[in-house]
Amino acid sequence: RACGVMERMSWRQRDALCIEQAYHGRTKVAIDPFTEKRREIYWTDEMCAQMMKVDVRTFRQRVSDGYARLEALIGARLNRAA
């Protein structure tokens, strides 16, 4: 069912939601190969937007649109089931 709902979203919305859920607010630990020091990378909106190759405003709008679309699709399914 989840795949069916995601397939009905635009690829932009789907990508934004997946990146937001997988990375946003998380910390990635990396080791600098030259100094061997531990480095923590915190995933912000800016970093997520950069990954998608869009500006921050566009990333945020796609996430917002994606959640609105997801809510509409799930709501429609629940109304049909009732």
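Residues numbered from 1 in each chain as written. Predicted model: local features only at pLDDT ≥ 70, side-chain atom pairs only at ≥ 80, totals over all residues. Heavy atoms only, no water.

Notes on helix α3 (residues 45–52)
Those residues of α3 not exposed but buried are Asp-45, Cys-48, Ala-49 and Met-52. Here the buried residues of α3 occupy an arc of 100° about the axis, which is enough to place them on one side. (Buried < 20%, exposed > 50% of the residue type's maximum accessible area, 1.4 Å probe, protein only. Helix = DSSP H or I, 4+ residues; strand = E, 2+ residues; numbered from the N terminus. Arc of directions from axis to C-beta.)

Details of the pattern of salt bridges
Close approach of charged atoms allows side chains with opposite charge to pair. A complete count under the given rule lists three salt bridges for this structure. Salt-bridge contacts for Glu-40 lead to Arg-38; the nearest nitrogen and oxygen are separated by 3.0 Å. Comparing Glu-40 with Arg-38, the two get one shared label, exposed. Salt-bridge contacts for Asp-45 lead to Arg-60; the nearest nitrogen and oxygen are separated by 2.6 Å. With a gap of 15 residues between them, Asp-45 in helix α3 and Arg-60 in helix α4 (residues 56–81) connect regions that are remote in the sequence. Relative accessible area serves as the criterion here: at 17%, Asp-45 is assigned to the buried category. Each of Asp-45, Glu-46 and Arg-60 takes part in a single network of salt bridges with overlapping partners. (Salt bridge = Lys/Arg side-chain N within 4 Å of Asp/Glu carboxyl O.)

What to know about the environment of Gln-61
Looking at where Gln-61 falls in the secondary structure, it is placed in helix α4. Under the relative-accessibility criterion, Gln-61 is labelled partly exposed at 41%. Residues Gln-61 and Met-47, spaced 14 residues apart in sequence, show a C-alpha to C-alpha distance of 15 Å. Reaching out from Gln-61, the side chain makes a polar contact with the side chain of Asp-65 at a distance of 2.7 Å. (Polar contact = N/O pair within 3.5 Å; in protein donor to acceptor, adjacent residues only side chain to side chain.)

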